[in-house]
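# A closer look at the structure
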Number of protein chains: 2
Amino acid sequence: MYRSHNCGELRVSNCGQKVKLSGWIQKSRDKGFMIWIDLRDRYGITQLILDSERSSAELIEKLRELGRETVIQVEGEVVERSAKNQNIPTGDIEIVVETVEVLNQAKLPPFTIEDQTDGGEELRMKYRYLDIRRNPVKKALMFRHQVSMMVRNYLSEQDFVEVETPYLIKSTPEGARDFVVPSRMNQGQFYALPQSPQTFKQLLMVGGLDRYFQIVKCFRDEDLRADRQPEFTQIDCEMSFVTQDDILQVFEGLTSYLIKEIHGVTTGAFPRMTYDEAMKRYGNDKPDIRFGMEFAELNSSAQHRDFGVFNSAELVVAIAVPGAVEYTRKQIDALIDWVKRPQVGAKGMVYVKCNEDGSYKSSVDKFYTQEDLAAWAEACGAQQGDLICVLSGDQKSTRTQMSALRMELAEQLNLRKADEFAPLWVVDFPLLELDEETGVYHAMHHPFTSPKEGQMELLDKDPASVRANAYDLVLNGNEIGGGSIRIHDKEVQKTMFKHLGFTEQEAQEQFGFLMNAFEYGAPPHGGIAFGLDRLVAILGGQESIRDFIAFPKNNAGRDVMIDAPAAVDAAQLEELGLNITNISADES
Amino acid sequence: MYRSHNCGELRVSNCGQKVKLSGWIQKSRDKGFMIWIDLRDRYGITQLILDSERSSAELIEKLRELGRETVIQVEGEVVERSAKNQNIPTGDIEIVVETVEVLNQAKLPPFTIEDQTDGGEELRMKYRYLDIRRNPVKKALMFRHQVSMMVRNYLSEQDFVEVETPYLIKSTPEGARDFVVPSRMNQGQFYALPQSPQTFKQLLMVGGLDRYFQIVKCFRDEDLRADRQPEFTQIDCEMSFVTQDDILQVFEGLTSYLIKEIHGVTTGAFPRMTYDEAMKRYGNDKPDIRFGMEFAELNSSAQHRDFGVFNSAELVVAIAVPGAVEYTRKQIDALIDWVKRPQVGAKGMVYVKCNEDGSYKSSVDKFYTQEDLAAWAEACGAQQGDLICVLSGDQKSTRTQMSALRMELAEQLNLRKADEFAPLWVVDFPLLELDEETGVYHAMHHPFTSPKEGQMELLDKDPASVRANAYDLVLNGNEIGGGSIRIHDKEVQKTMFKHLGFTEQEAQEQFGFLMNAFEYGAPPHGGIAFGLDRLVAILGGQESIRDFIAFPKNNAGRDVMIDAPAAVDAAQLEELGLNITNISADES
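Everything in this summary refers to the structure shown in the same document. Bear in mind that the values here come from a model prediction, so they are computed numbers and not experimental data.

The rules behind these values
Residues numbered from 1 in each chain as written. Chains lettered and ligands numbered in written order. Predicted model: local features only at pLDDT ≥ 70, side-chain atom pairs only at ≥ 80, totals over all residues. Heavy atoms only, no water. Pairing = 2+ DSSP bridges. Helix = DSSP H or I, 4+ residues; strand = E, 2+ residues; numbered from the N terminus. Contact = heavy atoms within 4.5 Å. Axes fitted to C-alpha atoms, helices over the stretch in contact; angles between N-to-C directions. Buried < 20%, exposed > 50% of the residue type's maximum accessible area, 1.4 Å probe, protein only. Least-squares fit on C-alpha atoms with pLDDT ≥ 70 in both. Polar contact = N/O pair within 3.5 Å; in protein donor to acceptor, adjacent residues only side chain to side chain.

All names here are of chain B. Within the open sheet, the eight strands sit side by side as β6-β9-β10-β22-β21-β20-β17-β11. Their pairing is mixed. Edge strands, defined here as strands with exactly one partner in the open sheet, are β6 (161-162) and β11 (272-274). One ladder, built from seven bridges, connects strand β10 (residues 231-240) with strand β22 (residues 525-531); its direction is antiparallel. Opposite D236, over in β22, you have A529 as the bridge partner. Across the sheet, helix α4 (residues 135-157) touches β6, β9 (211-219) and β10, and the angle it forms with β9 is around 150 degrees. Across the sheet, helix α16 (residues 532-539) is in contact with β9, β10, β20 (470-475), β21 (478-485) and β22; its angle to β10 comes to roughly 100 degrees.

Have a look at this one:
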């Protein structure tokens, strides 16, 4: 037996007991005649004490030599501390050490094992096993477990059945790139790792399982952006005999439950907003509605004056920045520079100061009267003391730019509060999305999404106008879930594939099993999937998902700790019947 | 809204209510003036009724045309049945149908959707989504979910944290074959899919997580035997600061809990048996101890007579088959043929009938006296009325053969009762195992398993004799879990790799990250992994795992439903920098 108690549980009531503890040396203070050691394990920190009065000189000497992170086992008596530490639950007691055994030595860690560490990202990833000893990471992983358990128990209570779907499936060129797995037993053939269990969960509905969920790894071989991982986790759900509203109800319930359990915050009924409205009011299909600064379109009041920039613009749009009238020229210039950065791409920014005396001062005073500016202020709800920012240009880019500016200002003004939760359903997404490079339409959600009732005919005439039974759940400006009511009719699915540019043969080869299944009595069904990594991060009040993943990969898709991917044996390749074509292959 | 109730919940108390139900037509009986339909969903079956008195002729005509498995939605009134059906929970009521909507048509299924189906294995797999509609499969999947939830909640209550470890890791040639995943971003390099999260869970222990578990998919590219899947699920667990006994206690707790919750059966403390004892008493490291027929070694009493076969044997071993004295000559011959089959490989079998009158009749009467045979009977505990079976030969094969015979006889005598649960810990496994083909020792469990205290030195002198801190949990003759106390010291781990034939460089390249981690304060740790597929099958009283996996692969590793693996685009291979060497590659 290595321990009678863990390092987080001893209290004054344990005083007088002989205990055995095991853990890591967090730190020690050596006063010569007295040594204090903080012994750490997952559960907490317990103070050990050795002094010349109660401990042998030999023992003191032995402990003095032990460095941080050494793993030790101690026996001793629990005593009440004279100087209590209110900051930790074990702060009322300490252990007078009687025996010590070193269980394992520790080299000096490459960074400090403290809440605020001196280790950079890459170093922490290389020694992730040490990084996990740090409270923020350890707590993030435990929090993830807690959230997963809550999700599982909630859904299970609601008759959802967790079903494990296969990981070795078939590659389909549609959508993002698949990771493939060469088959040794069927040389020249490949499995693919699932981008999601989409078709399998639909088949489970055809199979009559009625309510399915799974917390499941998914894989996408994409060029990685920050905070994207080649493998990520989804809470994947599907229901039969449901309308969109049924699904929204159930998962609104789940999300409210999580927020309530974790933060004690009661969220009312989640607002719902169409995609079109979200784009119009926030320039974004995942608006953060914790704060205002809604878009006001100024075309009618700002055009047909002498200001050519606005006159030639497809859209003139403004937001009112609360209390920002005080911004100095320098601050405003910085904002203008910010929107002109290539990542944002605006050509410039017009501003109007709404002075406390009711007057307006703008960068376009020579083109607009006070009445004009007052109309702008009214349109965007600006109060005295606010700053109005105006962007113009083509509709799409201008909305995107203004959305970026709105988020940036919210950050600057600290309006994105981590302890505030503003969920929102965005509904009625477009069914199709035009790929501007190729001029081809593809499915905005995925090819199994059903169009709104009666809109199938529009597919030929005006594909961009077709709306889908598709919805996203947005939390604090992040898409945390998305789903749709699926097609459950073979002919409709075939038509959809045709419109997405599949030949009949391609559709049959890739998704024949699903369309065939639809012929044997497929129920109406739909579902949703949540990104667990992000959901947990947001519920944990963080923007970055990195600490909520035990062993994340870097932006090049590498695991720098185990050094993967790596070369494999020639024999292994031969067994798989594969050759590497490009020999200059060590670009890692 | 597609339904007000599901098909399993209506009772007499609902009579008079107007309800809406959706589901599949299980079957219909048409009496001309009256039609009964069994409407099925996941939750049960509800009887619908239409008759010429209460329903329109049009409605009757409409329903008459609908085939089995058609998906319909009906509205109607709940009424009490005159002829009640005690076999189903909704058997007291039926629905007088007022409206019907066909939600989806169904072609005639390729096999009957009944508990006993006429569909063969391959057909059922191809149409697995229909197979899942059948009660046995649907219930097996729901049972699996239930068991998984119980495991998660139990372990979570015990402070275990479920941590998701990565699926894209590094290939290591040790052990079974890895599935590999070519990296596009790092051409010529490969990820591997984990055979288990072994090294990651050990790193989590180094990271101080103390108690880890995960229900996780694992992958092995092996030539498949019946009931083996290339992807399978493990309940993977690891604990820090534990001895072997601590681990056995915790997982005995889990297993007892499952058996108790599922079957209401209280298992006492699980017996423990060393590997050596299990081999001696049962010829098997996973003995089914629900029944006796223990091995008795007869060398001392059977050798040094005139029977050359026994005299030249390394081992003469007997079991007493209860009540089998009645076996006819034909039955005994069949047994002898059975042990002589190439899959078993015995050269023959000697038998002794223990007659009810106390006399013995054997196939070797001319070599042995009644006293000799009485000694045999005593050795194997044979009673009057039993049949003694004796095999002989070299130790290893003879034990294996006798074990096979013992299991076969237990099947024949119906001694392997599905509702009886006999767990057993088998402990003190050998550390190493000689590969007889190559003459090389490899790790019996895996290279991270620690040898018994003080046995490191034996590694040089007598490797086969070294025992490990390794244990299996056996349930009803199946290994349901196995684990070990790990090595947590870098030098010990290095020595172990050396003994397993790794060069220092190979060990460093493949497992350097783990050995490095051990230098930064690794705690003593150990763990266990359960095979979930098998555990669930056994707890469900089945021998085959197939029905407990939603979408299993066949013995050639193929998913016959989606037809995977399959060829991929040339463009995809080019992106990966790969060539297929063997073009004659369509052996599927």
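Alright, that's what it looks like, and here's the rest.
Strand-to-strand pairing in sheets goes through backbone hydrogen bonds, with the strands running parallel or antiparallel. All names here are of chain A. Read once around its circumference, the closed barrel built from five strands follows the order β1-β2-β3-β5-β4, with strand pairing classed as mixed. Neighbour-to-neighbour, the strand axes of the sheet open up by a mean angle of 55 degrees, direction not taken into account. Both strand β1 (residues 18-30) and strand β4 (residues 71-80) contribute to a ladder of seven bridges, which runs antiparallel. In the sheet register, L21 faces β4, and the bridge partner there is V74.

This part covers the environment of M149 of chain B. Among the structural elements, M149 of chain B can be located in helix α4. Of the residues examined, M149 of chain B reaches a relative accessible area of 8% and is grouped as buried. The spacing of M149 of chain B and I538 of chain B is 389 residues in sequence and 17 Å in space, taken between C-alpha atoms. Sequence-distant contacts of M149 of chain B, defined by excluding residues within four places in its chain, comprise R152, N153 and S156 of chain A.

Moving on, we get to the pairing of strand β4 (residues 71-80) of chain B. All names here are of chain B. For β4, the tally of buried residues reaches seven of ten residues, placing the bulk of the element in the interior. Here ten bridges tie β4 to strand β5 (residues 93-104), and the two strands are oriented antiparallel to one another. When the sheet's bridge partners are listed, E77 is paired in β5 with V96.

The operation relating the pair of chain copies consists of a rotation about an axis and a translation along that axis. Expressed as a screw transformation, the operator carrying chain B onto chain A has a rotation angle of 180 degrees and an axial translation of 0.0 Å, and the superposed copies differ by an RMSD of 0.1 Å. Here the transformation between the copies is reduced to the relation of a two-fold axis. Comparing contact sets, 100% of the residues at the interface of chain B also lie at the interface in chain A, consistent with an isologous, same-surface contact.

This part takes up the side chain of E162 of chain A. Looking at the secondary structure, you find E162 of chain A in strand β6 (residues 161-162). Classification of E162 of chain A by relative accessible area gives buried; the value is 10%. Within the structure, E162 of chain A has its side chain in polar contact with the backbone nitrogen of I215 of chain A (distance 3.0 Å). If near-sequence neighbours (up to four positions away) are discounted, E162 of chain A is found in contact with R152, F213, Q214 and I215 of chain A together with H145 and R152 of chain B.

It is worth spelling out unusual backbone geometry at this point. Of the consecutive residues A564 of chain A and P565 of chain A, the connecting peptide bond is found in the cis state with omega at 0 degrees. Relative to the helices and strands, P565 of chain A is located in the loop between α16 (532-539) and α17 (570-576). Unusually for a residue other than glycine, D159 of chain B sits at a positive phi of about 75 degrees. Assignment of secondary structure puts D159 of chain B in the loop between α4 and β6. Using a relative accessible area of 39% as the deciding quantity, one classes D159 of chain B as partly exposed. One non-glycine residue, H304 of chain B, lies in positive phi territory at about 60 degrees. With a relative accessible area of 69%, H304 of chain B lands in the exposed category.

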